[in-house]
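# Summary of the model geometry
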Amino acid sequence: MDRLRQQLAFLLEVDRQKEIIRQTYLADGSRKETDAEHAWHLAMMCMILGEYANDTIDVAKTVMMVLTHDLVEIDAGDTYAYDTKGNETKRARELQAAERIYGLLPEDQGAYLRALWEEFEAMETPEAKFANALDKIQPVLLTDRAEGKSWREHQVHKDQIMGRNARTHEGSERLWEYIKEIIEKNVEAGFIRGEDQAE
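Residues numbered from 1 in each chain as written. Predicted model: local features only at pLDDT ≥ 70, side-chain atom pairs only at ≥ 80, totals over all residues. Heavy atoms only, no water.

## Some words on the packing of aromatic side chains
Under the counting rule described, the total for this entry stands at zero aromatic pairs. A cation over a ring is seen here: R152 above F191, with NZ or CZ 5.2 Å from the ring centre. (Phe/Tyr/Trp six-rings, centres within 6.5 Å; stacked < 30°, edge-to-face > 60°. Lys NZ or Arg CZ within 6 Å of the ring centre and 35° of its normal.)

Structure (structure tokens):
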């Protein structure tokens, strides 16, 4: 019963992921997505787009990785991709969160999920590279469909997006080529600030 109690305590705790609001809007632009919705969408993307990974991946493992990679944000909070100051302390906050949240589970399960999170963060395996690629391109797809809403609100520059996506090609060259076209289209539309635009 102790094992079951620990598992249920973890499951109730991770329900809080539904409360974490990200800066990315839903595709229709009506509201911002939650962390839980983001994780679900990445899992769907992984199942549907796994064939475009540069290397053969274990899709089931990668789905588990994307479903659990942001659980640390229950404690650490969501750090906006282009928040320079927030990103300075992100790793330390997330490490502390990982210790507590994955520690709620029985030791074997907690260690497995913690290892998946560390693998995602290290971005060295084919699964982690593809999971990170999806994590970077999903906001681009949604923001493009929402007519650049969050890019316009935050006056995001093309070089910021390109910098954030510097390693996206390592997970999927094919998806990265497609995303680059979307980025260029939004620069031309004025939704993303170009290199020649002043602050």
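The rest of the description comes next.
## Concerning a nonpolar patch on the surface
A cluster of nonpolar side chains, namely W40, M44, M47, I48 and V59, defines an oily patch on the protein surface of about 500 Å² accessible area. Of note, V59 is situated in helix α3 (residues 59–68). You can call V59 partly exposed: its relative accessible area is 31%. (Patch = residues over 30% accessible without salt bridge, like charges linked within 9 Å, V, L, I, M, F, W, Y side chains within 5 Å. Areas by Shrake-Rupley, 256 points an atom, 1.4 Å probe, with all protein chains shown as cover. Salt bridge = Lys/Arg side-chain N within 4 Å of Asp/Glu carboxyl O. Helix = DSSP H or I, 4+ residues; strand = E, 2+ residues; numbered from the N terminus. Buried < 20%, exposed > 50% of the residue type's maximum accessible area, 1.4 Å probe, protein only.)

## Points about the nonpolar core
Ranked by size, the top nonpolar core spans 41 residues in total, and within it F10, L71, Y102, F130, L134, I179 and I183 carry the most contacts. Those elements giving two or more residues to this core turn out to be α1 (2–14), α2 (35–49), α3, α4 (73–76), α5 (84–102), α6 (107–122), α7 (126–145) and α10 (173–189). Per-element accounting of this core gives the leading share, six residues, to α7. Other than its neighbours up to four places away in sequence, L134 contacts L42, M45, C46, L49 and L175. (Core = buried A, V, L, I, M, F, W, Y, C linked by side-chain atoms within 4.5 Å. Contact = heavy atoms within 4.5 Å.)

## What to know about the packing of α3 against α7
Running from N to C, α3 and α7 point in directions that differ by 50°, and their axes come no closer than 9 Å. One element, α3, and the other, α7, form an angle in the oblique class. Between α3 and α7 the crossing geometry is right-handed. In this structure, α3 uses K61, T62, M65 and V66 to contact α7, whose residues at the interface are E127, A128, F130 and A131. The residue inventory of the contact of α3 with α7, partitioned by class, reads five nonpolar, one polar and two charged. (Axes fitted to C-alpha atoms, helices over the stretch in contact; angles between N-to-C directions. Parallel < 35°, antiparallel > 145°, perpendicular 65-115°, else oblique. Left-handed = near helix turned anticlockwise from the far one by under 90°. Nonpolar A, V, L, I, M, F, W, Y, C, P; charged D, E, K, R; others polar.)

## Notes on unusual backbone geometry
Phi at M123 takes a positive value of approximately 55°, unusual for a residue other than glycine. For M123, the position within the fold is in the loop between α6 and α7. We note that E147 has phi near 55°; this positive angle belongs to a residue other than glycine. With respect to the element layout, E147 can be found in the loop between α7 and α8 (149–154).

## A look at the side chain of T24
Relative to the helices and strands, T24 resides in strand β1 (residues 21–25). Among all residues touching T24, those that are not within four sequence positions of it are K32, E33, P139, L142 and T143.

## Observations regarding the pattern of salt bridges
Under the criterion given, the structure shown has 18 salt bridges. Put simply, E13 and R100 hold a salt bridge, and the shortest N to O gap is 2.6 Å. On the criterion of sequence distance, the pair formed by E13 in helix α1 and R100 in helix α5 is long-range, its members being 87 residues apart. Residue class for E13 comes out buried when judged on its relative accessible area of 15%. Among the residues examined, R100 registers a relative accessible area of 33% and is labelled partly exposed.

## What about α7?
Structurally, the α-helix is built with 3.6 residues per turn, so residues lying three or four positions apart point the same way. Look at α7: 28 Å from first C-alpha to last across 20 residues, which is about the 28 Å you get at 1.5 Å a residue. The largest bend in α7 amounts to roughly 25° and is located at I137, with the proline P139 lying one to four residues further along. Burial runs high along α7: 16 of the 20 residues are buried. Backbone geometry just downstream of α7 places E147 in the positive-phi region, at approximately 55°. (Expected span 1.5 Å × (residues − 1). Bend = angle between axes of the 7 residues up to and from the residue.)

## Observations regarding the packing of α2 against α3
Close contact between α2 and α3 brings their axes to 8 Å; oriented N to C, the two are set at 165°. With respect to α3, the element α2 is oriented roughly antiparallel. With respect to the hand of their crossing, α2 and α3 are arranged in right-handed fashion. Taken together, the residues of α3 that come into contact with α2 (itself represented by A39, W40, L42, A43, C46 and M47) are V59, T62, V63, V66 and L67. Of the residues that constitute the contact of α2 with α3, the class distribution is 10 nonpolar, one polar and no charged.

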